[in-house]
Protein chains: 2
Amino acid sequence: MHVDTLIRCRWAIPMHPKNTVLENVAIGVADGNISVICDQNQAQELTADEIIELNDHVVIPGLVNAHSHAPMNILRGMGADLSLMDWLQTKIWPAEGKLMSPEFAYEGAKLAAQEMLLSGITCTNDQYFFSEHIARAFEDCAMKCTVSALVIGFPSAMAQTTDDYFKCADALFERYQGNNHVRISVGPHAPYTVDDNALSRVVRLSERHNAPIHMHIDETDFEVQESLRLYGMRPIERLANLGIINERLISVHTVHPNDHEMALLANAGAHVAHCPSSNLKLASGFSPVHKMMQMGINVAIGTDSVASNDKLDILAETRLAAMLGKAVAMDPTAMKVHDMLYAATLGGARAIGWGDRIGSIEIGKAADLVAIHLADINTIPTTDPATQLLYSADRSQISHVWTDGKCVVSTQLLQNSPYFHRESSVKLAKKWQNAL
Amino acid sequence: MHVDTLIRCRWAIPMHPKNTVLENVAIGVADGNISVICDQNQAQELTADEIIELNDHVVIPGLVNAHSHAPMNILRGMGADLSLMDWLQTKIWPAEGKLMSPEFAYEGAKLAAQEMLLSGITCTNDQYFFSEHIARAFEDCAMKCTVSALVIGFPSAMAQTTDDYFKCADALFERYQGNNHVRISVGPHAPYTVDDNALSRVVRLSERHNAPIHMHIDETDFEVQESLRLYGMRPIERLANLGIINERLISVHTVHPNDHEMALLANAGAHVAHCPSSNLKLASGFSPVHKMMQMGINVAIGTDSVASNDKLDILAETRLAAMLGKAVAMDPTAMKVHDMLYAATLGGARAIGWGDRIGSIEIGKAADLVAIHLADINTIPTTDPATQLLYSADRSQISHVWTDGKCVVSTQLLQNSPYFHRESSVKLAKKWQNAL
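Residues numbered from 1 in each chain as written. Chains lettered and ligands numbered in written order. Predicted model: local features only at pLDDT ≥ 70, side-chain atom pairs only at ≥ 80, totals over all residues. Heavy atoms only, no water.

1. Digging into the pattern of salt bridges
Right, on to step 1. By the definition in use, this model includes 46 salt bridges over all chains.
Right, on to step 2. Between A:Glu261 and A:Arg234 there is a salt bridge; the shortest N-O distance is 2.8 Å. Taken together, the positions of A:Glu261 in helix H8 (residues 259-268) and A:Arg234 in the loop between helix H6 (221-231) and helix H7 (235-241) put the pair 27 residues apart, joining distant regions of the chain. Here A:Glu261 and A:Arg234 have matching classes, each one buried.
Right, on to step 3. For A:Arg395, the salt bridge identified is with B:Asp394, shortest N-O distance 2.7 Å. (Salt bridge = Lys/Arg side-chain N within 4 Å of Asp/Glu carboxyl O. Helix = DSSP H or I, 4+ residues; strand = E, 2+ residues; numbered from the N terminus. Buried < 20%, exposed > 50% of the residue type's maximum accessible area, 1.4 Å probe, protein only.)

2. Section: the packing of helix H2 (residues 102-118) of chain B against helix H3 (residues 131-140) of chain B
All names here are of chain B.
Right, on to step 1. At a minimum axis separation of 8 Å, H2 and H3 run at an interaxial angle of 35°. Two packed elements cross with a definite hand, and for H2 against H3 that hand is right-handed. Note on element contacts: H3 touches H2 through His133, Ile134, Arg136, Ala137, Phe138 and Asp140, opposite Pro102, Ala105, Tyr106, Ala109, Lys110, Ala113 and Met116.
Right, on to step 2. Classifying every residue of the contact of H2 with H3 by side-chain character gives 9 nonpolar, 1 polar and 3 charged. (Axes fitted to C-alpha atoms, helices over the stretch in contact; angles between N-to-C directions. Left-handed = near helix turned anticlockwise from the far one by under 90°. Contact = heavy atoms within 4.5 Å. Nonpolar A, V, L, I, M, F, W, Y, C, P; charged D, E, K, R; others polar.)

3. Notes on the interface of chain A and chain B
It is common to give the size of an interface as the accessible area that goes away when the parts come together.
Right, on to step 1. With 86 residues of chain A at the contact, the number on the chain B side is 86 residues.
Right, on to step 2. Looking at the side of chain A facing chain B, the largest losses of area belong to A:Asp81, A:Tyr419 and A:Trp432, adding up to 12% of the total buried there.
Right, on to step 3. Taken together, the links from chain A to chain B amount to 10 salt bridges.
Right, on to step 4. For the salt bridge of B:Asp394 with A:Lys311, the shortest nitrogen-to-oxygen distance reads 2.9 Å.
Right, on to step 5. The interface formed by chain A and chain B contains 40 residue pairs in polar contact (both at pLDDT 80 or more).
Right, on to step 6. Mapped onto the side of chain A that touches chain B, the elements with two or more residues apiece are helix H1 (84-99), helix H2 (102-118), helix H9 (276-281), helix H11 (314-329), helix H13 (385-391), strand S15 (406-416) and helix H14 (422-435) of chain A.
Right, on to step 7. Looking at the side of chain A that touches chain B, the element that brings in the most residues is S15(A), giving 10 residues.
Right, on to step 8. For the side of chain A that touches chain B, the per-class residue count stands at 44 nonpolar, 23 polar and 19 charged. (Buried area = accessible area lost by both parts, 1.4 Å probe. Polar contact = N/O pair within 3.5 Å; in protein donor to acceptor, adjacent residues only side chain to side chain.)

4. Examining the domain arrangement of chain A
Residue and element names in this part refer to chain A.
Right, on to step 1. Considered domain by domain, chain A is made up of domain 1 (2-62 + 360-432) and domain 2 (63-351).
Right, on to step 2. Placing a centre on the C-alpha atoms of domain 1 and another on those of domain 2 gives a separation of 30 Å.
Right, on to step 3. Between domain 1 and domain 2, the residue contacts involve 30 residues of the former and 29 residues of the latter.
Right, on to step 4. Carbon and sulfur atoms make up 65% of the surface buried where domain 1 meets domain 2, a total of about 2500 Å² over both sides. (Domains from an automatic or database assignment.)

5. What about the nonpolar core?
Right, on to step 1. A:Ile244 and B:Ile244 are the most contacted members of the largest nonpolar core, which has 263 residues in total.
Right, on to step 2. Non-local contacts of A:Ile244, meaning those with residues more than four positions away in its chain, are made with A:Leu199, A:Val202, A:Val203, A:Ile213, A:Met215, A:Leu239 and A:Leu249. (Core = buried A, V, L, I, M, F, W, Y, C linked by side-chain atoms within 4.5 Å.)

6. Structural notes on the environment of B:Ile361
Residue and element names in this part refer to chain B.
Right, on to step 1. Among the secondary structure elements, Ile361 is positioned in the loop between helix H12 (337-351) and strand S13 (369-373).
Right, on to step 2. Spatially, the C-alpha atom of Ile361 lies 9.5 Å from that of Leu346, the residues being 15 residues apart in sequence.
Right, on to step 3. Here Ile361 is in contact with Ala12, Ile13, Pro14, His16, Ile27, Ile34, Ile37, Val59, Ile60, Pro61 and Leu369, once residues within four sequence places are set aside.

7. Some words on the state of the cysteines
Two cysteines form a disulfide when their sulfur atoms are joined by a covalent bond.
Right, on to step 1. Scanning the entire structure with this criterion turns up 0 disulfides over all chains.
Right, on to step 2. Just so you know, A:Cys141 is unpaired, no disulfide at all, and the nearest cysteine sulfur is the one on A:Cys145, 11 Å from it. (Disulfide = S-S within 2.5 Å.)

8. A few points about the packing of aromatic side chains
Right, on to step 1. Summed over the entire model, instances satisfying the criterion amount to 7 aromatic pairs over all chains.
Right, on to step 2. Ring geometry for A:Trp432 and B:Phe104: centres 5.2 Å apart, planes at 75°, overall edge-to-face. Here the residue A:Trp432 occupies a position in helix H14, and B:Phe104 occupies one in helix H2, the pair thus bridging two chains.
Right, on to step 3. Three or more aromatic residues joined by ring pairs make a cluster, and in this case those are A:Phe104, A:Tyr128, A:Phe129 and B:Trp432.
Right, on to step 4. The cationic tip of A:Arg201 hangs over the ring face of A:Phe166; the distance from NZ or CZ to the ring centre is 4.3 Å. (Phe/Tyr/Trp six-rings, centres within 6.5 Å; stacked < 30°, edge-to-face > 60°. Lys NZ or Arg CZ within 6 Å of the ring centre and 35° of its normal.)

9. Some details on the relation of the copies chain A and chain B
Right, on to step 1. Aligned on chain B, chain A shows an RMSD of 0.0 Å; the corresponding rotation is 180° and the shift along the axis is 0.0 Å. Such a combination of turn and shift is consistent with a two-fold rotation axis. Scanning chain A for the C-alpha nearest the rotation axis identifies A:Leu413, at a separation of 2.2 Å.
Right, on to step 2. Mapped onto chain B, 100% of the interface residues of chain A again fall at the interface, so both copies present the same surface. (Least-squares fit on C-alpha atoms with pLDDT ≥ 70 in both.)

10. Here's the deal with helix H4 (residues 162-175) of chain B
All names here are of chain B.
Right, on to step 1. Helix length check: H4, at 14 residues, gives a terminal C-alpha distance of 20 Å against a target of 20 Å (1.5 Å per residue), a fit within 8%.
Right, on to step 2. All of the buried residues in H4 are Tyr165, Phe166, Ala169, Leu172 and Phe173. In an axial view of H4, the angular spread of the buried residues amounts to 115°, which keeps them on one side of the axis. Seen from the open side of H4, the exposed residues pointing more than 90 degrees away from its buried face are Lys167, Glu174 and Arg175.
Right, on to step 3. Next to the buried residues of H4 lie H3, strand S7 (144-151), strand S8 (182-188) and helix H5 (196-209). (Expected span 1.5 Å × (residues − 1). Arc of directions from axis to C-beta.)

11. Focus: the side chain of B:Thr318
All names here are of chain B.
Right, on to step 1. Relative to the assigned elements, Thr318 resides in helix H11 (residues 314-329).
Right, on to step 2. Overall, the relative accessible area of 1% leaves Thr318 in the buried class.
Right, on to step 3. Apart from the residues lying within four places of it in its own chain, the contact partners of Thr318 are Ile301, Met340, Ala344 and Leu390.

12. Some points on unusual backbone geometry
Keep in mind that most residues, glycine aside, have a negative phi and that most peptide bonds are trans.
Right, on to step 1. Cis geometry marks the peptide bond from B:Asn309 to B:Asp310; its omega dihedral reads 5°.
Right, on to step 2. As for its placement among the helices and strands, B:Asp310 is situated in the loop between strand S12 (298-301) and H11.
Right, on to step 3. Each neighbour pair has its own omega, and for B:Ile380 with B:Pro381 the value is -10°, a cis peptide bond.
Right, on to step 4. Tracing the backbone shows B:Pro381 in the loop between S13 and helix H13 (385-391).
Right, on to step 5. The residue A:Phe130 is not glycine, and still its phi comes out positive at about 60°.
Right, on to step 6. Along the chain, A:Phe130 falls in the loop between strand S6 (121-126) and helix H3 (131-140).
Right, on to step 7. The class of A:Phe130 is buried, set by a relative accessible area of 10%.

Here is the structure:
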């Protein structure tokens, strides 16, 4: 049997089956897909155009960013330490008002795509204006994406009326039908910016295309209180009545659901995109994400935009989600390592409508893979590669990123110091590890 | 005027005066100390053995880690997802029991010192067994440190009785008297492991040497409840009665102080070492650190050990402290950027008894400096260097670390990708920044 590329690695975490670390494994890639997963000894029977030896690395599926606003990379660092309304009204909205255009969307998304690739993110779920230009940026960077057909109840540079937004949506679905890299979701912005009538149209559009619905829900307590005041019910209750709460929904943030709302999400098989940095930085609150995971809700991890995060680093975001979730649960045994790595990969892929193609190292799936170098000062001794990957590794330790089997990033961190000796430190750490 | 090294940098954040970003500044170093701080134009009158041009960088004082257990780098990644008692009883204590020795302390601290240096940390405040061997590791890595003369109410490989611990303490103070790189604190482990009698001796020892007291206090609610049960008062109330709560105290963690305890700390001029990752990961709770800062308590940032963190990354830790503090305060305007950078540098230095020598870019202080490269994909556009440094920069963007004016680390992150173009991305980001 012949493969294009054979990756021989010390460890791999396939995500399916869950809770599994493979050791001394070989992953073969042919025609952009994973074609073989076997023991390194068995791999000697394969021929390959290219063999990559990763003796000190762990290979995982490409990370999935379950919520981004990619063009906002241009607005990074704007208005720190402001209240949400000050931030929006004095900084973000005026800037967007001035700059918004297809060019802004494309070039901002290009900056985001580069940061994501260097962070091991190979697929993102984006919502912003001018999604076709965002999709173009991700395609140009050899990434996959789901982009939203945005629906929002006010005029913008992109559309004036609700009808206009739905016309743009139809064009977007048509353009990307059957595309291998771009998939389309319906993106009603939030319960407080889209009316009942438009939401009913969202449901029908999503059903027609079997497309995900990508929506900010229960981000702030204010949103919940306003919903109670205006509709006499909480946001997720209202959305359930309208048919939005279903197995295609990606409920973003979801910081303030009560037990009834969580049950509605769980029973419907809806997904949640948890964005802990953004929720903390904007003081939105503490998501009961451990409860949602216990209830069987599929939880994915999102960065949100760099205007409220300000890093597109899913590895760091997942670490934060794990630690924060333990504290909110008041239980250090909550948010287990493998559950969190799953959320950052296959959980994310399933949430955003890509579970059939990416998110796990399985034969037939796209070879979207990331290798992380663990024999480094930040991650030695490597007692447990999954734990070290989640809690200790930096994105700068990513040595390779492949999409569709093509190497799209290789990274090398050169640290020179008379006091830093990588190899002897690795030996020292191993000595003590063996002494145990 | 002649200097040994002249660092010409785009930005510098001196920390004193606070809330200040200097632009196009030159920092001159002579005999290991900062000897000049001036405009780059004025610097043309200086002669220098070496000139370093940092056109896209921000220079800050070396970061200060206000709480570490350096030798535990050998135990990194052990026992994730366990409860505190399971973790201690089944993992950490057996491992320490088996390995504990001067060699373990020295070699573990060496690994930690290397990780810290690469993270821009030039001084740490450590508490563990065999402190003289830990100090030796930091000296060997050209770092500064405060190490604890440990006092703990049970026997160890280092000492059998309370008297033994105090003998070790006396030897430690004697050995390092007048040392330029190592200072000694008295390190009573925690209220629940040191009795009243030993604590009174701690106070006298600290007074005699004018030395900091480095102690875990109010880490868990359990600790508070036990103190109420055994002593009829909360830990800080008991410690105040014993004379421990004074301007030399570094109160570590301090997750569960009530208003009265916070007032005791504030009125005494005591310092707090906040360790947010550890508090989250062990589910210890949420520190009211924003309240303590509002009350004027000097708050510093610590990593704790890699067994509960698992990174020695003060930049990331400070970012987390800022974001988490906003959420706990339910106020996105809390935990302001410059206050947080201060906590990571001069706040830390003052807390651990080094405020006279390090923590700020001031003439006469040690040239312990860190340069961070901001013209990188993670930190463009650089709208505000202080914000970008805190919220967006990774430790891998640190290009130089100097201690006593000597370059001890230089780092280069090489990212190759057909989709990543550093220079054109920087230009693109600048174009949009200028369009605003």
